[in-house]
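Per-entry structural report
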Amino acid sequence: MKLLNLFRRKKPSAPAGGEEFFKKKYQSFKNLLEANNAALEVMSHMEATLEGDYVFDPQFIRASTESILEKVQTIVQELNTLGDNRYAELVKVYQNIAAKIQNETAAAPSGVPISRVLPLSQVDRRLLLQVGGKIANLGEIKNRLQLPTPEGFVLTNEAYRLVLAENRLTEPLASFLKDLDINNMEQLTEKSRILREMLLQAKIPSSLVEEVNQQYDHLITALAYKPYLALRSSGLYEDLESSFAGQFLTVLNVPFDRFFPSYLEVLASQFTPTALVYLSQKRLLQRQLAMSVGCLAMVPARSSGVIFTAEPTGGRDDVLVIDAAWGLGPAVVDGSLTPDHFVLSKKPALDLLEQQISRKTKRWIAADKGIKEEAVPLEEDSQPALTSEELLTLGRYALQLEEYFGSPQDIEFSVDQQGQILLLQSRPLTLLRPHATGVLPPHLEERHPVLLDHGTVACFGVAAGPVFLVDHEADLSRFPDGAILVARHTTARYGAVLHKAAGMVIDIGSATSHLAILAREFKIPALVDTGKATQVLRPGQEITVDANQIKVYEGRLEEILQAPVAKTSLLAETPIYARLRRVLRWITPLRLTDPQLANFTPAACQTLHDITRFAHQMAVTEMFELGEQARQGEVHMVQLQTNIPLNLYIIDLGGGIRTDHRGRFVSPEDITSIPLRALWRGISHPEISWAGPIPIDVRGLYSVVSRSLTAAAPQHADFWARTLAIVSENYLNYSSRLGYHFATIDALVSDVRNDNYLNFRFKGGAADESRRGRRARFLGEVLTRLDLEVEITGDLVVARLWKYPRPLLEEKLDLLGRLMGCARQRDMVMADETTVEWYIQAFLEGNYRFAGEPGSVTPPDQD
Amino acid sequence: MSAKILIIDDEPDMLIMLEMIITDKTPHQVVTTTNPLELPELLAQENFNLVITDLKMPAMDGIEVIDTVKNHDPEIPVVVITAFGTLESAEEAVHRGAYDFITKPFRKEQILVAIERALEWQRITRENRELRDRMQSEKTAAKTFRSPGD
């Protein structure tokens, strides 16, 4: 406001209507810029938090996202004010993205009484804390994506708490879990038995029985028959943050009269030895445990299977992997047979690339009460378990789920007798990529015979240790630390010793089985489907498992044993980091980079960063147009005539340009705005070179190119370089985008010292993060030494100065002009840390051409 | 030296991260709880060298935690974790006897430094008290020794 008063004094003769109109627009522009700067600041802060070793809580994520959303909303509103509602579409885009973000951060609606039983049709992610990850995700699939799932209802965590409380089990359970020693297998087995017994004998409160009866009646009405149920456990943290693959029980084909005993069985499965070890390894024991149970109408499956939306170990992200077998689900994931294996391409179109059809001699089917195994008729056992049409439909669903949940997914499904596909769950997929086993020494195989050279990788890596053959579950209690687990099948129960195992070799099973998923989670080198490991390997025999090459050698091969992968988890792998990453994918990625591309539209905005980028560009364009349309005497836009490739347009609010020069073009001498004149002195300093692109080293160039893959390559270095300065006699607002950089200066320079200020911001750059970081350090250090107050967050540099006398501020603006010239693309040549200090010194010494810069003919350290 | 640290925070994510950092980077042992009401029992069971607590919790606020710890043993330092923008309550906490406070979000190193400083404070405080006690008892002994002759 003060600023507008300033130019009002200077332009008493301006027609009031026009000036008022422009003032309103200008105020919107200012508000937009302010909100833009603030939003970028919070974004940088969130990104920095994710990259650094920060400790934060969910409240931080909520508060930061709310703050960004509020600012971006302001941006969208102000852009519409500025552009007379021409950007109404952007409002919808914003609302869409905001809904996605709020969906990630939303807590359950507070004040609403917590239900104990809920129909699946009312479940989504907001109820996460009540229904657990697995069922919350299933609710999303059913109710938001509207993909086919079974009908059903869910007994929430509240039901679990009620059962515990009514049976006075809450305290005993907690104290039992407190002193659990997962390395003492005997104690663990015994505790597990007692815990499970406590739950199995619990009485179901009558109010709960009543509610379940009601829901089952609704289900009968909806389906028009009395369905048997599949009871699926849904742990609080399951499927969201950790896979819990195969940890908790699923009971299939339960007649309603057996409902509650089965329900208790599922609750008790939280305390099997395997589950306890897993919970402890994931540091979840100390957290409030709870379990909700999804009760879904049983699908009498003809075929069942799993889809991985990326190859879990093969390194290909552009394919879908589908494993399937006849009958109900367990056959595929419990590792008791080798399923059919299909690989589909994702792009350009879904297409079947490979298939391996196995002999599937048995299948699980629904029996009278429960399920039973039966032999598959001979004529069917070698037929593919899925038709090509079913494969493509599954592929389409899988792509939708991957896109919606934002990361590769592990999906379970069934196909009923009529060929209808039903999705049963979707959870994040743990991916591992091969790492090279260095060059093998010669004659290796003479000293260390190859014992096995066939199988499928479940987890890459190399491990050595004595063979421990597991035949029965009871063998697990003797499993020694550092042994190699060798077994016939991939049952998830072996998970109970994975924290002790160095490696794993299995006869039969697939890389999509639960045990394989667990091996990847615990980073244990593992081979499955080796066919004959249990016959070839002898108990106690020292072996080396090289999962990278699919080989098992006799003896310890120190040559190829890499430093063991630390099993301690890193901060970045904690659940809260995962949550922040999920939220940030709707906030920080910038896809809209080049305003000259056809996709620079509201519809193309996929993140909040895209919206700010779009809105800022459009706001500047709107200001240009306003300037162009302005009649004489209102406001005044001119272009500066200069050899410097800045494309500088100036909107004069009054007193910033000599009034006797009112053509389209002005020369630098016509600038009367005090701050712009000072800045221009620096920009046009004879030692600053603005001509031509700066030479860049090859890696610098590469990092530019790789960042530009999503956008078209720029035609020349300053491919979008219209710069806008809004000025009055004492004021300057300067927005410039040089290549990928984005710099703004907002300054007021007058004789009233207390009014004076200078704000400078610099963000972005085409090079990779470390290089941008180096340039940020370069700028930050120089600005600090120029006495500005500097704050650096990631690659965002903010510098401020206020209440300085006019001559000093003019001097600083001059130096800023020089600095911007020098910083132009400077990140591309700052190849390493040591050069940063060199550039700082050079700038401060006035060596603006950086003569003798590192890497040139005469590097300074060799002088 | 390995110390025993008790961490109280109603947010399990905070406990996971803090325990991970401390057990990875220091020899100290960590006990955690999301329920501050367990504090008296935990203090009775174990000798803690340090308590780290969240300031704002539904069951019991951090100020009460400080009071409880200080009543139990004034030489156990308490480090308070506060949310951004609640500087006043953090100052209040220090006024009520907290050794230090740390504002969320914070870097791994910040909490490690705060822990080491707090433990160092405890060591020095204990040493001082022991010296004082010894001097006091020596004084008393001397007095007792001299008094018959006075």
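Residues numbered from 1 in each chain as written. Chains lettered and ligands numbered in written order. Predicted model: local features only at pLDDT ≥ 70, side-chain atom pairs only at ≥ 80, totals over all residues. Heavy atoms only, no water.

A closer look at the overall build of chain A
The helix and strand tally for chain A stands at 24 helices and 31 strands. For chain A, buried positions account for 58% of its 863 residues. Restricting the contact set of chain A to residue pairs at least 6 apart, pairs at least 24 apart contribute 66%. As presented, chain A carries roughly 35300 Å² of accessible surface, and 51% of it is formed by carbon and sulfur atoms. (Helix = DSSP H or I, 4+ residues; strand = E, 2+ residues; numbered from the N terminus. Buried < 20%, exposed > 50% of the residue type's maximum accessible area, 1.4 Å probe, protein only. Contact = heavy atoms within 4.5 Å. Areas by Shrake-Rupley, 256 points an atom, 1.4 Å probe, with all protein chains shown as cover.)

Examining the pattern of salt bridges
Across all of its chains, the model carries 47 salt bridges over all chains by this definition. Notably, a salt bridge pairs Asp340 of chain A with Lys360 of chain A, separated by 2.7 Å at the nearest N-O pair. Residue Asp340 of chain A is found in strand E9 (residues 340-345), and its partner Lys360 of chain A is found in the loop between strand E10 (351-356) and strand E11 (362-366); the two are separated by 20 residues along the sequence. On the accessibility criterion, Asp340 of chain A (0% relative accessible area) is buried. Here the salt bridges do not stand alone but share partners, grouping Asp73, Glu75, Arg126, Arg129 and Asp133 of chain B into one network. (Salt bridge = Lys/Arg side-chain N within 4 Å of Asp/Glu carboxyl O.)

Section: the side chain of Lys812 of chain A
If you trace the backbone, Lys812 of chain A turns up in helix H23 (residues 806-823). Contact partners of Lys812 of chain A, with chain neighbours within four places excluded, come to Leu758, Leu786, Asp787, Leu788, Leu801 and Tyr804 of chain A.

Considerations on the sheet that holds strand E3 (residues 50-54) of chain B
All names here are of chain B. With respect to topology, five strands assemble into an open sheet ordered E2-E1-E3-E4-E5, the strand pairing being parallel. With partners counted over all chains shown, the strands left at the sheet margins are strand E2 (29-33) and strand E5 (100-103), one partner each. Ignoring which end each strand starts from, the neighbouring axes of this sheet average 20 degrees apart. Note that strand E1 (residues 4-8) and E2 share five bridges and pair parallel. Paired with Ile7 across the two strands is Thr32, which belongs to E2. Together, E1, E2, E3 and strand E4 (78-82) form the strand contacts of helix H1 (residues 12-25), whose direction differs from that of E2 by roughly 175 degrees. The sheet contacts of helix H3 (residues 62-72) involve E1, E3 and E4, and relative to E3 the element is tilted by about 165 degrees. (Pairing = 2+ DSSP bridges. Axes fitted to C-alpha atoms, helices over the stretch in contact; angles between N-to-C directions.)

Considering helix H5 (residues 128-144) of chain A
All names here are of chain A. With 17 residues, H5 extends just 15 Å between its outermost C-alpha atoms, more than 12% less than the 24 Å of an ideal straight helix rising 1.5 Å per residue. Along its length, H5 reaches its greatest deviation from straightness, about 85 degrees, at Lys134. Of all 17 residues in H5, 13 are buried; the element is thus mostly enclosed. In the segment just after H5, Gln146 is the residue with positive phi, at about 55 degrees. (Expected span 1.5 Å × (residues − 1). Bend = angle between axes of the 7 residues up to and from the residue.)

Re the nonpolar core
Within the largest apolar cluster, 83 residues are counted, with the highest numbers of intra-cluster contacts made by Phe29, Leu608, Ile611 and Met623 of chain A together with Ile52 of chain B. Tallying contributions element by element places helix H2 (residues 16-51) of chain A first for this core, with 11 residues. Counting contributing residues, this core receives three or more from each of domain 1 (1-106 + 574-634) and domain 5 (635-709 + 716-850) of chain A. Not counting residues up to four positions away in its chain, the partners in contact with Phe29 of chain A are Leu82, Ala619, Val620, Met623, Leu724, Ile726 and Asn733 of chain A. (Core = buried A, V, L, I, M, F, W, Y, C linked by side-chain atoms within 4.5 Å. Domains from an automatic or database assignment.)

Remarks on the pairing of strand E7 (residues 301-308) of chain A
All names here are of chain A. The buried count for E7 comes to seven of eight residues, which makes it a mostly enclosed element. For E7 and strand E13 (residues 409-416), the ladder comprises seven bridges, and the chain directions are antiparallel. Bridging from a neighbouring strand, Ser304 pairs with Ser414 of E13.

Quick look at the packing of helix H6 (residues 157-166) of chain A against helix H10 (residues 259-268) of chain A
Residue and element names in this part refer to chain A. H10 packs onto H6 with a crossing angle of 95 degrees between their chain directions and a minimal axis gap of 12 Å. Between H6 and H10, the angle falls in the class roughly perpendicular. Across from Ala159, Tyr160 and Val163 in H6, the residues of H10 making contact are Tyr263, Leu264 and Leu267. By residue class, the composition of the contact of H6 with H10 is six nonpolar, no polar and no charged. (Parallel < 35°, antiparallel > 145°, perpendicular 65-115°, else oblique. Nonpolar A, V, L, I, M, F, W, Y, C, P; charged D, E, K, R; others polar.)

Topic: the pairing of E2 of chain B
Counting buried positions along E2 of chain B yields four of five residues, so the element is predominantly enclosed. In this view, the connection linking E1 of chain B to its parallel neighbour E2 of chain B by way of H1 of chain B has right-handed handedness. (Right-handed = clockwise from strand over helix to strand, strands pointing away.)

A look at the interface of chain B and chain A
Each side of the interface is counted separately: chain B has 19 residues, and chain A has 21 residues. Taking both partners together, chain B and chain A bury about 2000 Å²; carbon and sulfur atoms supply 60% of that area. The interface formed by chain B and chain A holds two salt bridges in total. Put simply, Asp57 of chain A and Lys104 of chain B hold a salt bridge, and the shortest N to O gap is 2.6 Å. The interface formed by chain B and chain A holds three residue pairs in polar contact (both at pLDDT 80 or more) in total. Breaking the side of chain B that touches chain A down by element, the ones donating at least two residues are H1 and strand E6 (106-107) of chain B. (Buried area = accessible area lost by both parts, 1.4 Å probe. Polar contact = N/O pair within 3.5 Å; in protein donor to acceptor, adjacent residues only side chain to side chain.)

A short note on helix H16 (residues 514-522) of chain A
Residues and elements named next belong to chain A. Among the nine residues in H16, nine count as buried, and that is most of the element. Buried within H16 are the following residues: His514, Leu515, Ala516, Ile517, Leu518, Ala519, Arg520, Glu521 and Phe522. Two residues or fewer after H16 comes Lys523, characterised by a positive phi angle close to 55 degrees.

Quick word on the confidence of the model for chain A
Residues and elements named next belong to chain A. Taken as a whole, chain A shows an average pLDDT of 81; of its residues, 82% reach a score of 70 or greater. Across residues 564-569 the pLDDT falls below 50, and counting only partners more than four positions away or on other chains, this stretch makes nine contacts in the model. Per-residue pLDDT stays below 50 along residues 694-720; that stretch engages in 49 contacts with residues further than four places along the chain or on separate chains. (pLDDT = per-residue confidence, 0-100.)

Here's the deal with the packing of aromatic side chains
Residues and elements named next belong to chain A. If you walk through the whole model with that rule in mind, you get 18 aromatic pairs over all chains. On the numbers, 6.1 Å between centres and 35 degrees between planes, the contact of Phe153 with Phe259 is tilted. With Phe153 in strand E3 (residues 152-155) and Phe259 in helix H10, this residue pair connects regions lying 106 residues apart in the sequence. Exposure remark for Phe259: the relative accessible area of 1% places this residue in the buried category. Taken together, the ring pairs connect Phe153, Tyr216, Phe256, Phe259, Phe260 and Tyr263 into an aromatic cluster. (Phe/Tyr/Trp six-rings, centres within 6.5 Å; stacked < 30°, edge-to-face > 60°.)

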